[in-house]
Amino acid sequence: MPELPEVEHAASLLRGFLAGRHIVRAEAPRSRVFRDEASRRAFVAKLRGRRFEVIDRRGKYMLLTFDGGVGLLAHLGMTGSFERAREGAAAPPHSRAQLHLDDGHVIHYRDPRMFGRIAIHTSAELLSLPEIAAIGPDPLRDGVDAKVLHAALSATKRPLKVALMDGAVIAGLGNIHATEALWRAKLHPARRADSLSRTDASALKRGIDASITFAIEQIARETAPEAPLRYVNDPQNDENPFLVYDRAGEPCPRRGCKGVLESMVLGGRTSAFCPTCQK
DNA sequence: ACGGATGTTCGCGC
DNA sequence: CGCGCGAACATCCG
């Protein structure tokens, strides 16, 4: 589920659920989502009775603050999501944590694979946590500066795509959007990160912005109340909304390019690319 | 039924 | 010490 656009969406959803609300009670069974048992107990103990203040996002991390100086760090991992249910309703599958609110709703943190994480801190220390402090510019929050991007990429010999997925270089890009951004920029994923020209870096900046923007618009379309019905056999309604991600073997979607998309593994992740137009 | 999946962290080797 | 790579984590889906 989550790269930057999905986390952004999840954060606004959660903001809507929590705005103006108090947490009556917090519960959570033991699970890997909490680093350890002390962390799970802190979740239960510290959130009881707290009033929600704000939710912020840094890359794929969500930072929540409550009154009394309570802060919560959440990461959705690979399969995490927040879902709202009526008080008294059966918990959805894989609910790893529950927030009982003062409006008759329960917020469930669902996460089948449990790669996600929830941790309680003080609100003051959230931004200085090592994992947050290490995060690079966020394309949505801060924008991408081509010069800064070029400098960050010039400092590593890793393959371009591996460097792009490093949150210290650019926040929030994962396998999908790194793949999409490179195709849009006509840059080969295996190329050494320190081989980019300033012009390449500018193209990459535009590729990143475009793939993030496209995904956010896509989410808006999918969640719009008036979203049109999808018809299974309509080729315009492909279930994969991305241009090249997971499309190895298909023709390159670039106008005028006769290439066929291939895939290779970089940094342990499958990468689709066009060998003809990505240099 | 087997293989792979949108993320992060840790340990190992160079 | 810094870098880079691969494995590990737990479950679902095609």
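### A look at the overall build of chain A
Piece 1. If you tally the helices and strands in chain A, you get seven helices and 10 strands.
Piece 2. On C-alpha atoms alone, chain A measures out to a radius of gyration of 20 Å, which is about the 19 Å that the 2.2 N^0.38 rule sets for 279 residues.
Piece 3. Projected onto its principal axes, the C-alpha coordinates of chain A cover approximately 60 × 45 × 30 Å.
Piece 4. The buried share among the 279 residues of chain A stands at 47%.
Piece 5. Restricting to contacts in chain A with at least 6 residues of sequence separation, those with at least 24 account for 63%.
Piece 6. Entry remark: accessible area of chain A is about 13,700 Å², with carbon and sulfur atoms responsible for 53%.

### Considering the domain arrangement of chain A
Piece 1. Its domain assignment divides chain A into domain 1 (4–133) and domain 2 (146–239).
Piece 2. The C-alpha centroid of domain 2 is placed 28 Å from the C-alpha centroid of domain 1.
Piece 3. The interface is formed by six residues belonging to domain 1 together with 10 residues belonging to domain 2.
Piece 4. Summing both partners gives a buried area of about 660 Å² for domain 1 against domain 2, and 74% of it is carried by carbon and sulfur.
Piece 5. Applying the counting rule to domain 1 against domain 2 returns zero salt bridges.
Piece 6. For the pair domain 1 and domain 2, the number of links is two residue pairs in polar contact (both at pLDDT 80 or more).

### A short note on the protein's contact with DNA strand C
Piece 1. Residues in close proximity to DNA strand C include Arg32, His94, Pro112, Arg113, Met114, Phe115, Thr156, Lys157 and Arg158, which together make up its full environment.
Piece 2. Looking at DNA strand C alone, sugar and phosphate atoms form 61% of those within 4 Å of the protein.
Piece 3. Here a phosphate oxygen of DNA strand C and a side-chain polar atom of Thr156 are 3.3 Å apart.
Piece 4. Measuring from a phosphate oxygen of DNA strand C, one finds a backbone N or O atom of Lys157 at 3.2 Å.

### Considering the nonpolar core
Piece 1. Counting 30 residues, the largest nonpolar core has Leu14, Phe43, Leu47, Met62, Leu64 and Leu72 as the members making the most contacts within it.
Piece 2. With six residues, the single largest contributor to this core is helix H1 (residues 4–18).
Piece 3. Aside from chain neighbours lying at most four places away, what touches Leu47 is Ile23, Ala26, Ala42, Phe66, Val70, Leu72, Leu99 and Ile120.

### Some points on the packing of helix H6 (residues 175–184) against helix H7 (residues 198–223)
Packed helix pairs are specified by the crossing angle of their axes together with the interaxial distance, meaning the distance between the axes.
Piece 1. Relative orientation of the contacting elements H6 and H7 amounts to 125°, with a least axis distance of 8 Å. Taken as axis vectors, H6 and H7 run oblique relative to one another. Along this stretch, H6 crosses H7, giving a crossing that reads as right-handed. Across the interface between the two elements, His177, Glu180, Ala181, Leu182 and Arg184 from H6 touch Leu204, Gly207, Ile208, Ala210, Ser211, Ile212, Phe214 and Ala215 from H7.
Piece 2. Tallied by class, the residues present in the contact of H6 with H7 amount to eight nonpolar, three polar and two charged.

### Digging into empty space enclosed by the protein
Piece 1. Summed over the entire model, instances satisfying the criterion amount to one cavity of 30 Å³ or more.
Piece 2. The computed volume of the largest cavity comes to approximately 90 Å³.
Piece 3. If you go around the largest cavity, you meet 13 residues; those closest to its centre are Phe43, Leu64, Leu72, Phe82 and Leu99.
Piece 4. Contributing elements (two or more residues each) for the lining of the largest cavity: H1, strand S3 (61–66), strand S4 (70–75), strand S6 (95–101) and strand S7 (105–110).
Piece 5. Looking at side-chain class alone, the lining of the largest cavity contains 13 nonpolar, no polar and no charged residues.

Conventions adopted
Note on numbering: residues in each chain are counted from 1, in written sequence order. To label them, take the chains in the order written and letter them from A, then take the ligands in the order written and number them from 1. For this predicted model, a pLDDT threshold of at least 70 governs which residues receive local features, and a threshold of 80 or more governs which side-chain atom pairs are given and counted, while totals over whole chains, interfaces and linings are taken from all residues. Side-chain calculation: all heavy atoms of the structure are included, whereas hydrogens and water are not. Comment: elements are numbered from the N terminus, with helices defined as DSSP H or I runs of at least four residues and strands as E runs of at least two. Radius of gyration: C-alpha atoms only; globule rule: 2.2 Å multiplied by the number of residues to the exponent 0.38. Exposure categories follow from relative accessible area, calculated using a 1.4 Å probe and restricted to protein chains: below 20% of the type maximum is buried, above 50% is exposed, and the middle band is partly exposed. Contact between two residues is taken to exist if any of their heavy atoms lie within 4.5 Å; hydrogens are not considered. Per-residue accessibility takes into account occlusion by the displayed protein chains alone, with areas from the Shrake-Rupley method and a 1.4 Å probe. Note that the domain bounds were set by an automatic or database domain assignment. Here's the idea: put two parts together, see how much 1.4 Å probe accessible area each one loses, and the total over both is what we call buried area. A carboxyl oxygen of Asp or Glu within 4 Å of a side-chain nitrogen of Lys or Arg is what we treat as a salt bridge. Whenever a nitrogen or oxygen atom comes within 3.5 Å of another N or O atom, the pair is scored as a polar contact, on the condition that within protein one atom can donate a hydrogen and the other can accept it, and that pairs from neighbouring residues in sequence are kept only if both atoms are in side chains. To be near a molecule or strand, a residue needs just one of its heavy atoms within 4 Å of it. Here, nonpolar core refers to any group of buried Ala, Val, Leu, Ile, Met, Phe, Trp, Tyr and Cys residues whose side-chain atoms link them within 4.5 Å. Convention adopted: a line fitted to C-alpha atoms gives each axis, helices being fitted over their contacting stretch, and angles between N-to-C directions are expressed from 0 to 180 degrees. For classification purposes, angles smaller than 35 degrees are called roughly parallel, those larger than 145 roughly antiparallel, those between 65 and 115 roughly perpendicular, and all remaining angles oblique. It is the rotation of the near helix from the far one that decides the hand of a crossing: anticlockwise by less than a right angle makes it left-handed, clockwise makes it right-handed. Each residue receives one of three labels: charged for Asp, Glu, Lys and Arg, nonpolar for Ala, Val, Leu, Ile, Met, Phe, Trp, Tyr, Cys and Pro, and polar for the others, Gly being one of them. The definitions used throughout rest on a 1 Å grid laid over the protein atoms alone, on which a cavity is an enclosed set of points accommodating a 1.4 Å probe that cannot get out and a pocket is an open set flanked by protein within 12 Å on both sides along at least five of seven lines; lining residues are those having an atom within 4 Å of a point. Grid points are joined across faces, edges and corners, and a volume is the space filled by probe spheres set on the points.

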